[in-house]
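Observations on the model geometry
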Amino acid sequence: MTEPVIAPAGWWRRARTLFGVCFRAAPWHATALFVCQLAATGATLAAAYGTKLITDAALHHETGRAIGAAGLMAGAAGLAALLGRGYLQLTTAVSERAGRYIDGRLMHLAGAIPTIEHHERRQYADQLTLIRQERSALAGMLNAAVLNLRVVASLAGAVAILATLDPILALLPLFGLPALLANRYSAGLAQRARERGASDSRLRNHLYRVASSPSAGKELRVYGLIDELLARHRAISERMERDGRRAALRGLAASTGAAVVFAGGYVAAVLLVLVAAAHGRATVGTLVLTLSLAALINGQLASAVQYASYLNRVLSAAGRLAWLTDYAATATPPPGQATPPPARLRDGIDLDGVTFRYPGTDALVLDGVSAHLPAGSVVALVGENGSGKTTLLKLLLGLYRPTGGAIRVDGADLATIDAAGWQRRIGPAFQDFVRFEFTLDESVGLGDLPRVADPEAVTGALRRAGADELADLPPRGLRTQLGTAWGGVDLSGGQWQKLALGRAFMRDRPLVAVFDEPTAALDALTEHALFDTIARQVRSAGPADRPVTLLVSHRFTTATMADLVIVLAGGRIVEIGDHDTLVRAGGLYAELHELQARAYR
Ligand SMILES: Nc1ncnc2c1ncn2[C@@H]1O[C@H](COP(=O)(O)OP(=O)(O)OP(=O)(O)O)[C@@H](O)[C@H]1O
């Protein structure tokens, strides 16, 4: 299975993503921010021009004009101060809303893809890590754009005024070009260093999460692993820092050279006006105006370097967001192409030469698996660790697509069926279930969202899962908060597993019911009773309700209840049939069954 090739987003697409996010997240605030910055730029330039007016008026003893100029300066300064305050509030509002919008977008992009292959793609994982690191920069997207706009507007205004004084002065900003190029160069170096470190960064986060997670606490202490994790964390951090430092030093050298060039231009401009003033070709007011505009250009160019680097970073992050959007679109079939799942199973599910490799690996985990799983049957998947049982279930759930062959549902290729719709018709109980630390009824009711708060549905699901007693869990029965971190109660491993089983029983009339070692934390008697109940429920169901029920367990008593037993070894079906037939055949199944029966005797 090859990784989807997604071209990096171009500059135009990045800019559209940037503005699209901000104007969708906070349209009014974003517009006001633009207006505010442009008005602030006008006020700054007006205040600079006021210095010329006031100086010339004072030198010519024109009190009326001097007062008018002072009024202009005071008004401009007051407006700039007012806009400064408004600007702060607007940026905060836009950043907060854009941040929320981006979080939602990332959760949607990662979760809406019907398969889970992307979680194992290295490129996808790296892009996601980088976006998470750059989240705050992303949230300040519009601020970066607006600050750059202000720099451009200020420079353009200052150049226009200088050109009216002496056209040569309009060349002053050209001396700032090397600084901009140097900035681009250093931003590129820093960006590449971050990209090189993305995998390291993920590993470092993983080490941190393991070291600080309560569930890992027992093993870490007993195996004495904390120091080892710390040492690995430190080694990775040092490697990343070394790389970042090298990039920063090279960028600094380029910026220093560029700063020297600008300083030369600045001194030349000031000297030019001084000479003109000495020869009477310029007024003192012009000299003052030139000095303040040169200072403004200097300040704006210094900001430009910083803001352009900020914008550059934000645009790269916007590029990643665009990349993820494209990736999600590639991995999700376009609406209209997929057909809805059938209302009920008529014939059953066919595995037709199913072959599978996990993304980025070469090993065949399933190799030409073919079988008919009849509607209304209970099928047990049996085999040693790593034989491919869970993988086969994941394919049946539409979480991965077969690398070769096909899975057919009543004759239709599963790949053509709407994956999300198909997944909504499955009752799944997984060995690595999630411990949702909500209230008990929510934790179960999540199995069928429309009925999440329906006590009857939840109690019924718990009963079918053989966990009636949990409905009366102290202190508040179904309304008991789970998880000590939230002031609630913690459950035993087996109780958590029963809740997960309850979740699987929430859905009425599933097309496929999957029980992938959902009983590993339960005792053998409870497991036997549970699978017995499941088998009886399936057999007593009417003809309109005939799901394929798949059971995986390492305890062979499960297989005795199944209509069909599939024995997997090394990703292939080595035996298939009902329990009695397989025992009589005296093959691998009979051997494993006999071994286990002897151990229990
Ligand atoms: N996400 C993954 N990426 C790469 N390889 C994987 C992944 N998950 C499982 N495998 C590999 O696929 C093979 C089959 O794993 P699978 O989980 O299907 O076995 P299983 O029969 O369910 O085992 P068990 O009884 O231990 O649960 C194993 O060799 C495993 O290493």
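Along each chain, numbering runs from 1 in the same order as the chain's sequence is written. Under the rules for a predicted model, residues below a pLDDT of 70 receive no local features and side-chain atom pairs below 80 are neither given nor counted, while totals for whole chains, interfaces and linings still include all residues. Only hydrogens and water are set aside when side-chain values are computed; all heavy atoms of the structure are taken into account.

1. Focus: the overall build of the chain
Put simply, DSSP H or I for four residues or longer makes a helix, DSSP E for two residues or longer makes a strand, and each gets a number counted from the N terminus. For the chain, the helix and strand inventory stands at 20 helices and ten strands. Exposed residues in this analysis have more than 50% of their type's maximum accessible area, buried residues have under 20%, and partly exposed residues fall in between, with area computed by a 1.4 Å probe over protein chains only. Evaluated residue by residue, the chain yields a buried proportion of 45% over its 601 residues. Note on contacts: a residue pair is in contact if any heavy atoms of the two residues lie within 4.5 Å. Across the chain, every contact between residues at least 6 apart in sequence was considered, and the portion connecting residues at least 24 apart equals 77%. The accessible surface values rely on the Shrake-Rupley method and a 1.4 Å probe; as for residues, cover is taken only from the protein chains in view. Within the structure as shown, the chain displays about 29,500 Å² of accessible surface, and the carbon and sulfur contribution to it stands at 60%.

2. Topic: the site of the ligand
In the region of the ligand, 14 residues are neighbours, and Asn385, Gly386, Lys389, Thr390 and Thr391 sit closest. At 3.4 Å, a side-chain N or O of tyrosine 358 approaches a nitrogen atom of the ligand. When the ligand sits alone it has 630 Å² of accessible area, and the protein chains cover 65% of it. In these notes, residues near a molecule or strand are those with any non-hydrogen atom within 4 Å of it. In the analysis that follows, any N or O atom pair within 3.5 Å is treated as a polar contact, provided that within protein one partner can donate a hydrogen and the other can accept it, and provided that, for residues neighboring in sequence, both atoms belong to side chains.

3. A word on the pattern of salt bridges
Should a side-chain nitrogen of Lys or Arg be within 4 Å of a carboxyl oxygen of Asp or Glu, the pair is scored as a salt bridge. A full pass over the atoms with the stated rule returns 14 salt bridges. With its nearest N and O atoms 2.9 Å apart, the salt bridge here joins aspartate 200 to arginine 239. Within this pair, whereas aspartate 200 is found in helix H8 (residues 198–212), its partner arginine 239 is found in helix H10 (residues 226–278), the two being separated by 39 residues in sequence. For aspartate 448, the salt bridge is made with arginine 451, and the minimal N-O distance between the two is 2.8 Å. Given a relative accessible area of 16%, aspartate 448 falls into the buried group.

4. Considering the packing of aromatic side chains
Think of it this way: a Phe, Tyr or Trp ring, Trp meaning its six-membered ring, pairs with another when their centres are within 6.5 Å, and the plane angle makes it stacked under 30 degrees, edge-to-face over 60, tilted otherwise. Scanning all chains against the criterion turns up eight aromatic pairs. With a centroid separation of 6.0 Å and 20° between ring planes, the pair formed by phenylalanine 23 and phenylalanine 34 is classed as stacked. Of this pair, phenylalanine 23 sits in helix H1 (residues 11–25) while phenylalanine 34 sits in helix H2 (residues 27–59), and the two are eleven residues apart along the sequence. Ring geometry for phenylalanine 505 versus phenylalanine 515: centroids 5.5 Å apart, planes at 40°, classification tilted. With phenylalanine 505 in the loop between helix H16 (493–504) and strand E7 (512–516) and phenylalanine 515 in strand E7, this pair connects stretches of sequence that are ten residues apart. Linked through ring pairs, Phe19, Phe23 and Phe34 together constitute an aromatic cluster. Look at NZ for Lys and CZ for Arg. If either is within 6 Å of the ring centre and within 35 degrees of the ring normal, a charge sits over the ring. The ring of tryptophan 11 carries arginine 14 above its face, with NZ or CZ at 4.8 Å from the centroid.

5. Some words on the UniProt feature "transmembrane region" (unreviewed entry) in the chain
Mapped onto the present numbering, the UniProt feature "transmembrane region" (unreviewed entry) falls at residues 137–162, 252–278 and 284–305. The span residues 252–278 shows a helical share of 100% and a strand share of 0%, and its end C-alpha atoms are spaced 39 Å apart. UniProt positions are given in the numbering used here, feature names are shortened, and annotations may be inferred rather than shown by experiment.

6. What about the side chain of aspartate 200?
By relative accessible area, aspartate 200 is classed as buried at 17%. The residues touching aspartate 200, leaving out its near neighbours within four places in the chain, are Ile236, Arg239 and Met240.

7. A short note on the packing of H10 against helix H11 (residues 284–331)
The geometry of H10 relative to H11 is characterised by a closest axis approach of 10 Å and an angle of 170° between their N-to-C directions. With respect to their mutual orientation, H10 and H11 come out roughly antiparallel. Contact residues: Phe262, Tyr266, Val270, Val273 and Leu274 in H10; Leu287, Thr290, Leu291, Ala294, Ala295, Ile297, Asn298 and Leu301 in H11. Here the contact of H10 with H11 is built from residues that sort into eleven nonpolar, two polar and no charged. Lines fitted to C-alpha atoms define the axes here, with helix axes fitted over just the stretch in contact, and angles between the N-to-C directions of these axes take values from 0 to 180 degrees. Throughout, the term roughly parallel applies to angles under 35 degrees, roughly antiparallel to angles over 145, roughly perpendicular to angles from 65 to 115, and oblique to all others. Think of it as three bins: nonpolar holds Ala, Val, Leu, Ile, Met, Phe, Trp, Tyr, Cys and Pro, charged holds Asp, Glu, Lys and Arg, and polar takes everything else, Gly as well.

8. What to know about the sheet that holds E7
Within a beta sheet, neighbouring strands are joined by backbone hydrogen bonds and run either parallel or antiparallel to one another. Two strands form a pair only when DSSP identifies at least two bridges running between them. In spatial order, the strands read E6-E7-E8-E3-E9-E10; together these six strands make up an open sheet with mixed pairing. Every other strand in the sheet has two partners, leaving strand E6 (426–429) and strand E10 (572–577) as the edge strands with one partner each. If you compare each strand with its neighbour and ignore which way they point, the axes differ by 15° on average. In the sheet, strand E3 (residues 378–383) pairs with strand E9 (residues 564–569) via five bridges, with the strands oriented parallel. By the bridge assignment for E9, alanine 380 is matched with valine 565.

9. Remarks on the confidence of the model for the chain
When the pLDDT values of the chain are averaged, the result is 85; 96% of them are 70 or greater. Scored as a complex, the prediction yields pTM 0.69 and ipTM 0.97. Confidence of the prediction at every residue is given by pLDDT, a number between 0 and 100.

10. Focus on the pairing of E9
Where burial is concerned, most of E9 is hidden: five out of the six residues are buried. Joining the antiparallel neighbours E9 and E10 is a turn of two residues, in which glycine 570 adopts a positive phi near 55°.

11. Digging into H16
In this scheme, a helix's expected span is set at 1.5 Å multiplied by one less than its residue total. An ideal rise of 1.5 Å per residue puts 16 Å on twelve residues; H16 measures up with 17 Å between its terminal C-alpha atoms. For H16, the tally of buried residues reaches ten of twelve residues, placing the bulk of the element in the interior. For H16, the set of buried residues is Gly494, Trp496, Gln497, Lys498, Leu499, Ala500, Leu501, Gly502, Arg503 and Ala504. Elements that come into contact with the buried residues of H16 comprise E6, helix H14 (440–445), helix H15 (455–464), E7 and helix H17 (524–540).

12. Some thoughts on the sheet that holds strand E4 (residues 404–409)
Pairing within the open sheet is antiparallel, and its four strands lie in the order E2-E1-E4-E5. The two strands at the open ends of the sheet, each matched to only one other strand, are strand E2 (366–374) and strand E5 (412–413). In terms of strand pairing, E4 meets E5 through two bridges, oriented antiparallel. Paired with arginine 408 across the strands is aspartate 413, a residue of E5. Those strands touched by helix H12 (residues 389–396) are strand E1 (348–356), E2 and E4, and its axis lies near 120° from that of E1.

13. Regarding a positive patch on the surface
Patches in this entry comprise residues that are over 30% relatively accessible and not in a salt bridge; like charges within 9 Å are linked, as are nonpolar side chains (Val, Leu, Ile, Met, Phe, Trp, Tyr) within 5 Å. Only four residue types enter the charge count, namely Lys and Arg as positive and Asp and Glu as negative; His and the chain termini do not. Where a charge lies is defined by one atom per residue type: Lys uses NZ, Arg uses CZ, Asp uses CG and Glu uses CD. Taken together, the side chains of Arg344, Arg346, Arg509 and Arg546 make up a positively charged region of the molecular surface. Locating arginine 509 in the fold gives a position in the loop between H16 and E7. Arginine 509 gets classed as partly exposed once you look at its relative accessible area, which sits at 43%.

14. Structural notes on a nonpolar patch on the surface
On the surface, Ile168, Leu171, Leu174, Phe175, Leu177, Leu180, Val261 and Leu272 cluster together into a nonpolar patch covering about 650 Å² of accessible area. As for its position among the elements, leucine 180 is in helix H7 (residues 177–196). Residue leucine 180 is classed as partly exposed on the basis of its relative accessible area, which comes to 30%.

15. A look at unusual backbone geometry
Cis geometry marks the peptide bond from proline 474 to proline 475; its omega dihedral reads 5°. Positionally, proline 475 belongs in the loop between H15 and H16. Despite not being glycine, arginine 509 shows a phi value in the positive range, around 50°.

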